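An overview of the molecular structure
Chain residues, written in single-letter form:
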Amino acid sequence: VIDDTTAPPSSTSLADPGTSGAAGSAGNAAQPVTLAKGMVPAARRWLIRKGNPTNLVVIIVLLIGAIWIGGANPFMNLIGQSCAIFAIAAVGQSILVGGAGQIAFSGGAFMAIGAFTAALLARAGVTNFFVLLVASALAGLVVGLISGLPGLRFRGLYLLLSSIALQFIVTSLTTQYQTAVSPQGFALPPLMIGSIDFSFGVPLYILLIVMLAVIYIAAALVERTGVGLAWKALRESEVAAAMSGVDVVRWKLYAFAVSGAVTAVAGCMFAYWVGRADAGSYDLTLTISLVTMVFIGGITSRLGAVLGAVVITALPYLLQSGSTALVSSGISFSWYVNNQSTVNAGLFSLLFLLVILFEPGGLLGLLKKLEGWLRSLGGKRSGRREEQS
Amino acid sequence: LNVVSQAVWGALVTGSLYGLVGVGFVLLYRASKVLSFTQGGFMLLGAYIFYGLTTSAKMPFLPAAVISAVAVAALSAVVYTVVFSRVAAREPFATSVATLGLAGVITAIVAVLFSTSAVTVPNIVGTASFHVLGAVITSADLVSIAIMVVVVGAILIVLRTTPLGLRMNAVADNPSLAVHLGVSAARIATIAWGLAGLTAALGGVAFALRISIAPAGIATLGFYAFPAIILGGLDSVGGAILGGLILAALQGFAAQVFGPNSIDLVSFGVMLIFLLVRPTGLFGKAEAVRL
């Protein structure tokens with residue numbers, strides 16, 4: 001990720017990765033060691049690696065989109081805010097699902113934990129944003145640790161079932177508490193940092209984007225350390241990891257805890273975004289859409305999770321404007337307009353189904369296939385060049 | 001006494017329906033190691049086909065129930081062969097996760113066709129009710145229990161006595177060995193999916209007889225089959241029935257003591273405890289993990 005900032009000057013375009021690859025390898029052949037130093041060759045070598053150009057283009061497109069939305073109208077801003085919140089949640093889930101390979105259906109529960117921790121503390125009189133944020137993260141961390149306990153005995157189906165159980169239990173507890181204490185939900189105080197109001201509009205959007213960037217980069221850095229390697233080993237094969245000396249219990253619990261904390265932070269921000277914590281928002285449907293985001297983007301990739309979150313969050317708005325355009329042009333589209341949320345839920349389920357069964361790499365995987373195809377076009381050309389030299 | 005006997009009877013009826021749906025899960029799991037989240041969707045589909053047949057076509061109970069069950073069973077088998085079979089053999093876990101997507105699709109389709117509000121099936125099994133020890137027993141209850149007994153009895157007889165049952169047990173026991181001995185695991189899995197669809201549809205029909213149905217509500221009822229089969233053990237047919245009865249009793253107790261909101265909490269709390277302490281359930285078989 002750090003390399004991204006240095007890459008744009010040296011990259012010409014995605015359409016021509018083959019030639020830049022050929023140039024890079026030719027340079028390395030001439031002066032193998034000395035050229036390897038310095039920013040530009042390092043960036044070039046990074047760019048040659050398979051899949052990286054796709055990642056770069058996706059990151060640039062997302063960044064441009066994020067900046068554009070920052071200056072667009074309030075409605076677009078609102079969509080951008082929810083995209084950022086769900087991207088944080090999706091990154092949290094992807095640490096567990098993609099990073100450590102533990103598929104769990106409890107994302108909504110962790111968002112609820114974050115939201116309710118913040119809301120209940122606010123009710124008790126705490127108004128400082130950072131205190132509430134850290135408290136929700138800690139609550140997510142602790143519950144994540146506990147929810148990892150069933151995962152110590154087994155993985156796969158049983159773990160999936162225990163996470164669904166957790167989801168139902170948290171929904172039931174929060175709903176019962178809410179109906180008993182305050183049926184319309186728990187309001188949150190305005191989001192103040194110092195004397196600046198970050199509750200809505202562009203300030204909230206910027207805050208969310210900064211949080212997303214910090215969490216994303218932190219997760220990327222962690223993945224480069226031994227922790228990331230241990231998670232990867234868990235993902236590939238737990239038994240094999242244990243036999244090669246990886247402390248399965250410890251790293252698994254860490255993955256659950258970290259994922260829980262990040263997802264709870266997203267839940268806290270969601271509550272701030274809505275203005276209140278409402279138990280009804282954090283049900284199994286939310287969990288399923290979170291998992292869909294991770295899967296649609298590309299399960300093993302954090303960037304894929306962000307991409308998936310943006311696509312899944314923004315798609316309903318796009319469909320809505322598309323359908324109103326169709327209706328105004330006279331085509332009957334009433335079955336969609338009348339059942340929008342239902343149809344959207346069905347559509348996401350369908351996408352989810354198709355991705356898992358037929359394209360496990362997700363959207364990012366598809367883009368990388370495209371890159372491979374472009375490379376193969378360029379590869380023929382560069383091959384000829386090498387023959388000449 | 002009235003309250004107690006009514007609660008016991010209610011638990012017996014609801015529990016036998018959980019058990020019925022749970023048996024479908026168990027058959028599926030034994031045949032293909034897939035845990036199908038689509039069962040809730042198939043219940044929904046069965047219930048609404050039944051609703052459509054009895055209201056629009058004014059069919060009597062028996063043909064309507066049989067048509068819904070056969071239609072859903074056929075759909076389930078077709079879905080397996082067309083969508084899941086190729087992936088299921090290789091990656092049962094990914095398939096299990098994917099079935100959740102299919103459940104969402106079915107729920108959305110039913111909700112668009114019939115709207116999300118609850119509908120009530122006309123009373124077509126008669127309004128006769130009996131009083132036994134203070135409990136009111138309606139004919140819908142009796143029909144529900146009869147469906148469970150007949151279907152589960154038939155499945156148990158098939159499993160115990162017929163060559164097909166022998167093959168199904170062989171695949172459940174050791175799939176690769178069964179395939180080497182000439183059993184077509186794919187065909188067994190297709191049959192199991194069909195049977196699972198059948199039980200789910202009949203479960204949906206039975207619920208439709210007793211309560212008014214709505215897409216979201218039935219899907220949740222489908223989820224209640226999970227605590228039931230975890231209690232009984234994922235691969236035990238008899239365990240699923242017993243698990244269903246225990247679960248329904250617990251739910252009835254929780255609703256009486258802590259109020260109806262606590263049903264989810266108690267059901268899934270018990271499931272979580274079982275997963276932590278005894279993941280194989282009461283009658284399940286432990287599975288060795290191999291590299």
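This one's a predicted model, so the numbers in the text were calculated from it and none came from an experiment.

**As for helix 12 (residues 248–274) of chain A**
Residue and element names in this part refer to chain A. With 27 residues, helix 12 extends 39 Å from end C-alpha to end C-alpha; this agrees with the ideal 39 Å at 1.5 Å per step. Along helix 12, 21 of the 27 residues are buried, which leaves the element largely enclosed by surrounding structure. One or two steps after helix 12, the chain reaches Gly275, where phi turns positive at roughly 100°.

**Looking at the confidence of the model for chain A**
Residues and elements named next belong to chain A. Chain-level statistics for chain A give a pLDDT mean of 80 and a share of 84% at 70 or above. Helix 1 (residues 2–10) is the least confidently modelled element of chain A, averaging 40 in pLDDT, while helix 6 (residues 107–123) averages 92, the highest of any element. Within the model, the stretch residues 1–33 combines pLDDT values under 50 with 35 contacts to residues more than four positions away or in other chains.

**Regarding the interface of chain B and chain A**
Each partner contributes residues to the interface: chain B has 41 residues there, and chain A has 39 residues. For the pair chain B and chain A, the summed buried area comes to about 3500 Å², and 84% of that belongs to carbon and sulfur atoms. On the surface where chain B and chain A come into contact, there are zero salt bridges. Put simply, chain B and chain A have zero residue pairs in polar contact (both at pLDDT 80 or more) between them. Counting only elements with at least two residues in the side of chain B that touches chain A, the list comes to helix 3 (61–90), helix 4 (92–114), helix 9 (215–232) and helix 11 (263–277) of chain B.

**A look at helix 5 (residues 74–99) of chain A**
All names here are of chain A. Here helix 5 is 26 residues long and its end C-alpha atoms lie 35 Å apart, about the 38 Å a rise of 1.5 Å per residue gives. Remark: the principal bend of helix 5, roughly 35°, maps to Gln93. For helix 5, a buried count of 22 out of 26 residues is recorded, marking the element as mostly surrounded by other parts of the structure. Following helix 5 by one or two positions, Gly101 adopts a phi angle in the positive range, close to 70°.

**Things to note about the nonpolar core**
Judged by nonpolar contacts, the single largest core of 115 residues is most densely connected at Phe105 and Phe295 of chain A together with Leu35, Phe50, Phe84, Phe223 and Phe226 of chain B. Counting residues per element, this core draws most heavily on helix 8 (residues 185–210) of chain B, which supplies 13 residues. Once residues lying within four places of it in the same chain are set aside, the contact partners of Phe84 of chain B are Leu353 and Leu357 of chain A together with Val79, Thr95, Ala98, Thr99, Leu102 and Trp193 of chain B. Residues Ala122, Met269, Phe270 and Ala305 of chain A belong to the second largest nonpolar core, which totals 76 residues.

**A few points about the packing of aromatic side chains**
Here the structure, examined in full by the defined rule, presents 23 aromatic pairs over all chains. An angle of 55° between the planes, with centres 5.4 Å apart, marks the rings of Phe168 of chain A and Phe223 of chain B as tilted. With one member in each of two chains, Phe168 of chain A in helix 8 (residues 157–181) and Phe223 of chain B in helix 9 form a pair that bridges those chains. Judged by its relative accessible area of 9%, Phe168 of chain A is buried. With relative accessibility at 11%, the residue Phe223 of chain B sits in the buried group. An angle of 50° between the planes, with centres 6.4 Å apart, marks the rings of Phe37 of chain B and Phe223 of chain B as tilted. Here Phe37 of chain B is found in the loop between helix 1 (2–32) and helix 2 (39–55), whereas its partner Phe223 of chain B is found in helix 9, with 186 residues between them in sequence.

**Quick notes on the state of the cysteines**
Residue and element names in this part refer to chain A. Applying the stated criterion across every chain yields a total of zero disulfides over all chains. Among the cysteines around Cys83, which has no disulfide bond, Cys268 carries the closest sulfur, lying 19 Å off. For Cys83, a relative accessible area of 9% translates into the label buried.

Parameters and conventions
- Residues numbered from 1 in each chain as written.
- Chains lettered and ligands numbered in written order.
- Predicted model: local features only at pLDDT ≥ 70, side-chain atom pairs only at ≥ 80, totals over all residues.
- Heavy atoms only, no water.
- Helix = DSSP H or I, 4+ residues; strand = E, 2+ residues; numbered from the N terminus.
- Expected span 1.5 Å × (residues − 1).
- Buried < 20%, exposed > 50% of the residue type's maximum accessible area, 1.4 Å probe, protein only.
- pLDDT = per-residue confidence, 0-100.
- Contact = heavy atoms within 4.5 Å.
- Buried area = accessible area lost by both parts, 1.4 Å probe.
- Salt bridge = Lys/Arg side-chain N within 4 Å of Asp/Glu carboxyl O.
- Polar contact = N/O pair within 3.5 Å; in protein donor to acceptor, adjacent residues only side chain to side chain.
- Bend = angle between axes of the 7 residues up to and from the residue.
- Core = buried A, V, L, I, M, F, W, Y, C linked by side-chain atoms within 4.5 Å.
- Phe/Tyr/Trp six-rings, centres within 6.5 Å; stacked < 30°, edge-to-face > 60°.
- Disulfide = S-S within 2.5 Å.

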